[in-house]
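Now for the letters of each chain:
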Amino acid sequence: MVRRIAGLSGWKLRPAQVLGLGYLIVILGGGLLLQMPASCQPGVQLSFLDAVFMATSATCVTGLSVLDVATSFSTFGQLVIMLLIQIGGLGIMTISTLFALLLGKRIGLRHRLAIQEELNTITLSGVVRLIRLVLGLSLGLEILGAGFLFIRWMGKMPIGQALYFAVFHSVSAFNNAGFVILGPNLEAYVGDVLVNIVLSLLVIAGGLGFLVIGELLLKSLLLRSSFRRLSLHSKLVLVTTSLLMASSFVFVFCVEGNNPLTLGPLEGETKLLATWFQSVSPRTAGFSTIPVDGMRAATLFFFIFLMFIGASPGSTGGGIKTTTAACLVMTVISTIKGQSDTVVFGRRIPETTVRKALSIVILALVLVLTVTLVMLVIEDLPVLDVIFEVVSAFSTTGLSTGITPLLSSSSKLLLIILMFVGRIGPVTLALALGRKFHGFPGSGVRYPEGTVIVG
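Here is a short report on the structure shown in this document. (Residues numbered from 1 in each chain as written. Predicted model: local features only at pLDDT ≥ 70, side-chain atom pairs only at ≥ 80, totals over all residues. Heavy atoms only, no water.)

Section: the nonpolar core
Taken as a class, soluble globular proteins show a tendency for nonpolar side chains to be buried jointly. Rules: Nine residue types can take part in a nonpolar core, namely buried Ala, Val, Leu, Ile, Met, Phe, Trp, Tyr and Cys, and a core is a set of them joined through side-chain atoms within 4.5 Å. Three exposure classes are used, based on accessible area relative to the maximum for each residue type with a 1.4 Å probe and protein chains only: buried under 20%, partly exposed in between, and exposed over 50%. When checking whether two residues touch, look at their non-hydrogen atoms; a contact exists if any pair is within 4.5 Å.
In this structure, Leu34, Ile81, Trp153 and Phe179 are the most contacted members of the largest nonpolar core, which totals 118 residues. The residues contacting Trp153, other than those within four sequence positions of it, are Ala162, Phe165, Ala166, His169, Leu182, Tyr189 and Val195.

Printed below as a string of structure tokens:
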């Protein structure tokens, strides 16, 4: 039976619908705030569509911008964007639970179901404890990151400005948003060791997922931090993330190493630092210390692959998720080996998990390819740039070759939808839009087996 949640005015809303409605309300509210004259610099006018685009990009922790955040928005507007990033990164249900706990209210079953949907947990057990973990880890790591950035900038600018910049970029990095108020992305800090290391570590931490970080901290406190003691989920996340970053580092260094528009002019430690940063950022964050529009076509295509995979479940990043890709790859490997089950680290992956992973990938591919095709009809832009922009929006990454401000209203609306779907997940959206039912006719009946030739 499909679980339903009692909503306002007696409506019956399922967890997925509550989640989607919550994000829509925040996005529209953020859009209205950003359209206010107080949010923009003198002489800058923001249309409602552009305001909603920026609010969606912030709430869905994407980072795509139709205007330069540093020069087009006032301090108030930037604070609105930072607040939307924090709400979107933590999650709507996490924020609502925080207020409920502060007011001393009991977290009921309906609320717990919505939390489970948003954080992608397997069971309802311990979801409130998980919320406390999410809040503690997020605020703790953001404060720690902001502290290091403040130390770096306090001698370069006024104290108040240094603190403001430190907090903004720490929040943006941990939530994998990619918004920058320091100028054209982070190109001026390409050789800054502290800024690069702090931001990249925040991006990695936010992309691993709260369950994985919590488990690593717990095992470390109990002096049981060996890899073999970790859960299967954490093992799969850590191995997949490490492989993606390592392959990205090698690829970027080899392909862009002699590119005069990116890594070519850099030398020694600075080149390695820039390569490291670009091996971390493309999957979910959207930061860049080298010009994206100067990268070679092969690098952009490789980044499309990385962005599509994205971060890990229960994290601040988007994409189909690392474990989804890993499950499908291991299924292929198990099939080649002649195994009937998908086996990872000596454990069998349930068939339902594999089917869900396949559904996520197919839904994502159909959505991305459809929007790409439509935008290619609408826009007179290079194919690779359009595909890059579309995947960046869906994966809530935020990297762009610079075409975002050039897009028509129709394309911006399509990207808004993509960012929204990418944040809540294609399966969650499908459940939210799906018809209510109490079981298919004949549910519980196992039909006769039929033969289909594939391959």
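Digging into the pattern of salt bridges
Where we set the bar: Whenever Lys or Arg places a side-chain nitrogen within 4 Å of a carboxyl oxygen from Asp or Glu, that contact is recorded as a salt bridge. For helices the rule is a DSSP run of H or I covering at least 4 residues; for strands it is a run of E covering at least 2, with both sets numbered from the N terminus onward.
A full pass over the atoms with the stated rule returns two salt bridges. The partner of Asp192 in a salt bridge is Arg152, and the shortest N-O contact between them spans 2.4 Å. With Asp192 in the loop between α8 (159–174) and α9 (193–208) and Arg152 in helix α7 (residues 127–153), this residue pair connects regions lying 40 residues apart in the sequence. Residue classification places Asp192 among the buried positions, given a relative accessible area of 10%.

Topic: unusual backbone geometry
Located in the positive-phi region is Lys321, a residue other than glycine, with phi close to 90°. Here Lys321 is to be found in the loop between α13 (297–309) and α14 (322–336). By relative accessible area, which is 17% here, Lys321 ends up buried. Phi is positive for Phe345, which is not a glycine, with a value near 50°. Following the sequence through the fold, Phe345 ends up in the loop between β3 (342–344) and β4 (347–349).

Looking at α9
Applied cut-off: Working rule for helices: expected span equals 1.5 Å times residues minus one.
Taking 1.5 Å of rise per residue, the 16 residues of α9 would be expected to cover 22 Å, and the 22 Å separating its terminal C-alpha atoms lies within 8% of that figure. Every buried residue of α9 is listed here: Val195, Asn196, Val198, Leu199, Ser200, Leu202, Val203, Ile204, Ala205, Gly206, Gly207 and Leu208. Gly209 occupies a position one or two residues after α9 and carries a positive phi of about 105°.

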